[in-house]
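# Structural overview for review
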Amino acid sequence: MKFTLSWLKDHLDTDASVDEIADALTDLGLEVEDIVNPAAKLAPFTLAKVLHAEKHPDADKLRVCNVLTDEGEKTIVCGAPNAREGITVVLCKPGDYVPGIDTTLGVGKIRGVESHGMMASERELELSDEHNGIIELPSGEVGQKFIDWLAENRPEAVDPMIHIKITPNRPDALGVRGVARDLAARGLGVLKPLEVEPVPGGFDCPIGVQIDAGLKEKGCPLFAGRLIRGVTNGPSPAWLQARLMAIGLRPISALVDITNFFTYDLNRPLHVFDAAKVKGDLRIVPAKGDEELLALDGKTYALRAGQMVIVDDQGPESLAGIMGGEHSGCTEETVDVFLESAYWDPITIAATGRALKINSDARYRFERGVDPEFTLPGLELATQMVLDLCGGEASNVVMDGAVPDTTRAYTLDPARVISLVGMDIPEATQRATLAALGFVLNGNQVTPPSWRPDVLGEADLVEEVARIASLTKLVGRPMARETSGVPGPVLTAMQVRERMARRTAASLGYNECVTYSFIDAQSAALFGGGSEATRIENPISSEMTHMRPDLLPGLLQAAARNQARGFADMALFEVGPAFHGGEPGDQHLQLAGLLVGASAPRDPWGSRRPVDLYDAKADAEAVLAAIGAPAKTQINRKLAGWWHPGRAGVMALGPKALCAFGEVHPKVLREMGVKGPAVAYTIWLENVPFPKTKTPTRPALAISDLHAVERDFAFVVDAGTEALVAVNAAMGADKALIEAVTVFDQFTGPKAEEQMGAGKKSLALAVRLQPSGKSLTDAEIEAVSAKIVEKVTKATGGSLRS
Amino acid sequence: MNALDVLKANYLDRIAGAADEASLEEIRLAALGKKGEISLKMRELGQMSPEERQTTGAALNLLKTEIDAALRAKKEGLADAALDARLKSEWLDVTLPGRPRRMGTIHPVSQVMDEVTAIFADMGFAVAEGPQVESDWYNFDALNIAPEHPARQEHDTFFMARDPADPRPPHVLRTHTSPVQIRAMQERGAPIRVIAPGRVYRMDMDQTHAPMFHQVEGMAIGRDISMANLKWVLEEFCKAFFEVPNVELRFRASHFPFTEPSAEVDIRCSWEGGQLKIGEGNSWLEILGSGMMQPKVLAAGGIDPSEWQGFAFGMGIDRIAMLKYGIPDLRAFFESDLRWLKHYGFAPLDLPTVFGGLSK
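Owing to the predicted nature of the structure, the values given are computational and were not obtained by experimental measurement.

Conventions adopted
- Residues numbered from 1 in each chain as written.
- Chains lettered and ligands numbered in written order.
- Predicted model: local features only at pLDDT ≥ 70, side-chain atom pairs only at ≥ 80, totals over all residues.
- Helix = DSSP H or I, 4+ residues; strand = E, 2+ residues; numbered from the N terminus.
- Rg over C-alpha atoms; globule rule 2.2 N^0.38 Å.
- Buried ≥ 20, exposed ≤ 12 C-beta atoms within 10 Å, placed from the backbone.
- Contact = placed C-beta atoms within 7 Å.
- Axes fitted to C-alpha atoms, helices over the stretch in contact; angles between N-to-C directions.
- Parallel < 35°, antiparallel > 145°, perpendicular 65-115°, else oblique.
- Left-handed = near helix turned anticlockwise from the far one by under 90°.
- Nonpolar A, V, L, I, M, F, W, Y, C, P; charged D, E, K, R; others polar.
- Pairing = 2+ DSSP bridges.
- Core = buried A, V, L, I, M, F, W, Y, C linked by C-beta atoms within 7 Å.
- Domains from an automatic or database assignment.
- Expected span 1.5 Å × (residues − 1).

## Quick notes on the overall build of chain A
- Per the secondary structure count, chain A includes 22 helices and 42 strands.
- For chain A, the C-alpha radius of gyration of 42 Å lies well beyond 28 Å, the compact-globule estimate for 802 residues.
- In terms of principal-axis extent, the alpha carbons of chain A reach across some 130 × 80 × 65 Å.
- Out of the 802 residues in chain A, the part that is buried amounts to 44%.
- For chain A, the proportion of contacts with a sequence separation of at least 24, taken over those separated by at least 6, is 69%.

## Some thoughts on the overall build of chain B
- For chain B, the count of helices and strands is 12 helices and 10 strands.
- Structurally, chain B occupies a C-alpha span of about 130 × 55 × 45 Å along its principal axes.
- Across the 360 residues in chain B, those meeting the buried criterion constitute 45%.
- The long-range share in chain B, meaning contacts at least 24 apart out of those at least 6 apart in sequence, stands at 66%.

## Observations concerning the packing of helix α3 (residues 37-44) of chain B against helix α4 (residues 50-89) of chain B
Residues and elements named next belong to chain B.
- In the contact formed by α3 and α4, the axes pass within 10 Å of each other and the chain directions differ by 160 degrees. Judged on the interaxial angle alone, α4 and α3 are roughly antiparallel. Handedness of the crossing formed by α3 with α4: left-handed. Between α3 and α4, the residues in contact are I38, K41 and M42 and L60, L63, K64 and I67, respectively.
- Grouping the amino acids of the contact of α3 with α4 by side-chain chemistry returns five nonpolar, no polar and two charged.

## Comments concerning the sheet that holds strand β27 (residues 410-411) of chain A
Residues and elements named next belong to chain A.
- Taken in spatial order, the three strands make up an open sheet running β27-β29-β28, and their pairing is antiparallel. Of all the strands in the sheet, just β27 and β28 (440-442) have a single pairing partner and so form its edges.
- Sheet analysis places β27 next to strand β29 (residues 445-447), joined by two bridges and oriented antiparallel. Looking at the pairing, Y410 lines up with V446 of β29.

## A look at the nonpolar core
- In this structure, V337(A), V386(A) and V194(B) are the most contacted members of the largest nonpolar core, which totals 176 residues.
- The element best represented in this core is helix α9 (residues 227-242) of chain B, accounting for 11 residues.
- Judged by nonpolar contacts, the second largest core, of 79 residues, contains A559(A), L594(A), V596(A) and L613(A).

## As for the sheet that holds strand β30 (residues 511-512) of chain A
Residue and element names in this part refer to chain A.
- The strand order across the open sheet built from seven strands is β30-β33-β34-β38-β37-β36-β35, with neighbouring strands paired in mixed fashion. Lying at the two open borders of the sheet, with one neighbouring strand each, are β30 and β35 (634-636).
- In this sheet, strand β38 (residues 678-684) lies alongside strand β34 (residues 587-596) in antiparallel orientation, the contact comprising seven bridges. Each bridged residue has a counterpart across the sheet, and for L595 the counterpart in β38 is V679.

## As for the domain arrangement of chain B
- Assigned domains of chain B: these are domain 1 (3-89) and domain 2 (108-344).
- With centres defined by C-alpha atoms, the gap from domain 1 of chain B to domain 2 of chain B works out at 89 Å.

## Focus on the pairing of strand β13 (residues 161-165) of chain A
All names here are of chain A.
- Looking at chain direction, strand β1 (residues 2-4) and β13 are connected through three bridges and run antiparallel. Considered in β13, the bridge of T4 is made with M161.
- Relative to β13, strand β3 (residues 31-36) is paired through five bridges, and the arrangement is antiparallel. Its bridge partner lying in β13, V32 is registered against I164.

## Things to note about the pairing of strand β16 (residues 222-229) of chain A
Residue and element names in this part refer to chain A.
- Counting buried residues in β16 gives seven out of eight residues, a clear majority hidden from the surface.
- Relative to strand β24 (residues 337-343), β16 runs antiparallel, the two sharing seven bridges. Bridge assignment links L222 to a residue of β24, and that residue is Y343.
- Summarising the sheet, β16 and strand β26 (residues 398-401) pair through four bridges and their orientation is antiparallel. From the neighbouring strand, L222 faces β26, where its bridge partner is G401.

## A closer look at the interface of chain B and chain A
- With 79 residues of chain B at the interface, the matching set in chain A holds 84 residues.
- In terms of residue class, the side of chain B that touches chain A is made up of 43 nonpolar, 18 polar and 18 charged.

## So, the environment of F3(A)
- Along the polypeptide, F3(A) turns up in strand β1.
- Among residues more than four places away in sequence, those in contact with F3(A) are L8(A), I162(A), V176(A), V179(A), I247(A) and Y264(A).

## Re helix α8 (residues 254-266) of chain A
- An ideal rise of 1.5 Å per residue puts 18 Å on 13 residues; α8(A) measures up with 18 Å between its terminal C-alpha atoms.
- Of all 13 residues in α8(A), 13 are buried; the element is thus mostly enclosed.

## Thoughts on unusual backbone geometry
- The step from G676(A) to P677(A) runs through a cis peptide bond, and the omega angle for that step is 0 degrees.
- Along the chain, P677(A) falls in the loop between α19 (666-671) and β38.
- For S336(B), which is not a glycine, the phi torsion comes out positive at approximately 60 degrees.
- With respect to the helices and strands, the residue S336(B) is situated in the loop between α11 (317-325) and α12 (338-344).
- Given 24 C-beta atoms within a 10 Å radius, S336(B) is considered buried.

## Thoughts on helix α5 (residues 176-186) of chain A
- Here α5(A) lies mainly inside the structure; 10 of its 11 residues are buried.
- G187(A) lies just past α5(A) and shows a positive phi near 100 degrees.

## Focus on the domain arrangement of chain A
- Domain boundaries assigned for chain A yield domain 1 (2-37 + 160-185), domain 2 (40-158), domain 3 (209-401), domain 4 (410-465), domain 5 (493-687) and domain 6 (709-800).
- Here the C-alpha centre of domain 6 of chain A lies 105 Å away from the C-alpha centre of domain 2 of chain A.

## Examining the packing of α8(A) against helix α11 (residues 375-390) of chain A
Residues and elements named next belong to chain A.
- The N-to-C vectors of α8 and α11 enclose an angle of 140 degrees; their axes lie 10 Å apart at closest approach. Of the two possible hands of crossing, α8 and α11 adopt the one that is right-handed. Seen from α8, the contacting residues are A254, L255, I258, F262 and L266; seen from α11, they are G378, A382, M385, V386, L389 and C390.

## Some thoughts on the environment of G529(A)
All names here are of chain A.
- Turning to its location among the elements, G529 is positioned in the loop between α16 (521-526) and β32 (546-547).
- For G529 and H580, which are 51 residues apart along the polypeptide, the C-alpha to C-alpha distance reads 7.3 Å.
- Sequence-distant contacts of G529, defined by excluding residues within four places in its chain, comprise A524, T534, H546, R548 and P549.

Here you go:
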């Protein structure tokens, strides 16, 4: 919403400065976005008088002028044809910045004659496009500031333009008068009365109006208009053109300019039809669905069935409340004009405007809600203005429908206002504020004015009182904790777990990423997603069409981008939601880690080697341990398709998968543009069980004074035998005595097969025996060793390596 | 010089001249071994008269002690010399790099969420969460944003695909964290104090917008919680978060459908020299939106607005992270550029706390 200071002063009697007004507007909730003050760039210029002018000795088109300025007589060389003795001019001195030529002046020498400044044209001062000569002022004294002269003689040229942001709840502030009313309520002036004198009609309107019965209830409660015949639609007067231009509108013709003026002045959009082009009556009807309309923006719109249009006997003439049609639009030739003022339903206008993708000042206002009760007064005022500016004779008003009744009342509870806002606003002030804004008070019952459709409850009254009182004055008041003493923890166990997992992964050397929750369809499909349920109807790009089913595709894409920048090795992780469906709650929390390239940079110690599955497994186990997962899990190979089928596994507790880890399927890497090796893990944080009871007490530490005994065993087993089978079998040999079984070596490959037979490998286990009570005898150690060998060979089908 | 003195001088000479441990052992055996010279002399004591035995015995014992001490001292000296010689040969280039260890980092969004959580936890706020795919009821209707209201259009909402056979309105990607207000009220009732940090989505992408970003919602409901309390809470938060002794906030009337009265909150700052300083200067920086909870919103959350009142606010986590840490571009947050992650990331153990400070 834009307006100028002088425009505001049409409605507000005030001495406040632009800055005071701007500060108040922002504080009132009408945030000032911009103030354009033309006076600022004209401030340095002063008036001067040409005492004498003669032809430049060396140039036919230049004149050497002797100019009287506030600093005495100066010589100025000028190229303007009208530079002559006796005229009053606008002087730009050396050192001044001249906006129209974007130059700071210096003392120049033009063909041998020194020139001390310039005399400006309108264009050079950005006052107009006029550049046929320098400005000649009809009045003014030498030395007078040019902006002072303009303020006196041409105020629109130095009229500051104020641009404010209007929140959707304030349609009334889309008219200058509404803005003035807020400022008056704040005490920044007095709202001037708005007199509405009905214009008597001289004849009956030949064009009738009818609202379709189905639309009267909702779409168009009231449609009014009248013919004004015999008008002259030339350019509008200078003051009106200046106002429209100041707010960025192009003057078109008097009739059109008048409608635009009412739109901004009183938030009363109007439409003017060239009556000569209207055949029959104007009817407001739902479109059938096969019509087209060439609108005033030069575009043709195909109407959908049910959209509200104004038709005559020839078909659609206007997109009701949104934009007029080109066919019946007014031109310079228009003689008889039909002036329309209607009240359109905001929801209907919003829906049609959105469907047709038309943005217009009319739609913008009607969908936010104009004042329904001002429909007819607006018509009267506009009629008068047409008569004033274009002449002609007005008919009687024709109308269909009625002003919708929006009367409603809410209770003002002054104590509640104080309690909610936390400011001591006296009741009398509260009441005065509401009255100043046009609310009608009857005891504690408050009826909002018809121009405030946003006021729908007591809370809105509180808001009005508070914003006029000024929230800037609000003083903070301490809010004690609900309980005194040491505050307890506030995070849930899951929230603690998420943080623990995140910081553990980072401490393992991973850089945390935050990638988009939506990915492209192809990547989603690679990771088991891409279903219709997880599709975004209106994605912002083809790269972001589906909710991610897993965090890995985002990390792999990040890895590919980093590789493209020349970084081959990386450790990335992310903690966040993955989406297994499209319903609220169809999300689960994952931590995914990705290792790409080598384990370390090249160094003298040979640390660099390709990352492998055991790196990923170790890191996954470290994260799992940090969040309290049991040390022992089952490992299966129920793998999703994006894992290497032979080099990945799933850690699980019964049916619950805690973590998948291993090499990413080479095909997936290729499709995602990642140069391997790449290993990864996905941890389903919510699948890890929480302890059944939470107690800080640790179980008692059981330490034996007796030495533990360690025995090593090597078994020859099938190459496909999983070590965990052997480990678990060994553990089972004597649960009381065996404290730990670890794999400390394996021997595989051709050399191993040469020694142990085709398809064989050797597994070396270290078994730690922890006696309790008494030391082990050799015989006891032998006995348990024999049991271990028996269990392992039985479980693996292998044999003790000799 | 008697015989024992001669003996002593002889052995001390030999000990001093010994070149290594082996010759030292030879000397020890020759003097103190079972058949060593001194041992043999000790054995002769038995044949002496008691008086003689006393004087000679004492002298022999002294001699034995002295030789033994000399032997030990020499042995230690030899060992030291040998160690010195070994150490001289054991030189390593200490300027070579240590074995590599990866350094991980925490993303600024996570870090700032932890900072925000630490501050509000201290003021008694719990942390609530909600789904990111939301029903339009939670995202809009419950928050007093009517279907056709222009405010709803201004949200640039992402919609989920909807099976034509399903009559429900399409779900949305939550456009703000405010729906968590409703869920938290439904789950916990009043009184309540929660913050709700999380991802939100808007169809917007340019220099300063990303289609996904992070917000933190705050909500406090009680019997007499006022906008003045809101201002104090935000002042305390800003002081703690920006780690400055004083802040000045300016409340400006505004409009959000879910609060009434509503206020945009600006913070006093200076941009002198291109650097943001909070709490001083003559500029105002808009940092969040807030207000008193709309009675309809309370009711939608199952809380009786005639008994309870409270405030709510929402601010951009990425945005306050950018302000606090001088991070220029929002979109870079989600690019995962290693150089960015390492430069703007935080050490894994740098957990922000109220007692230890937020940033190091």
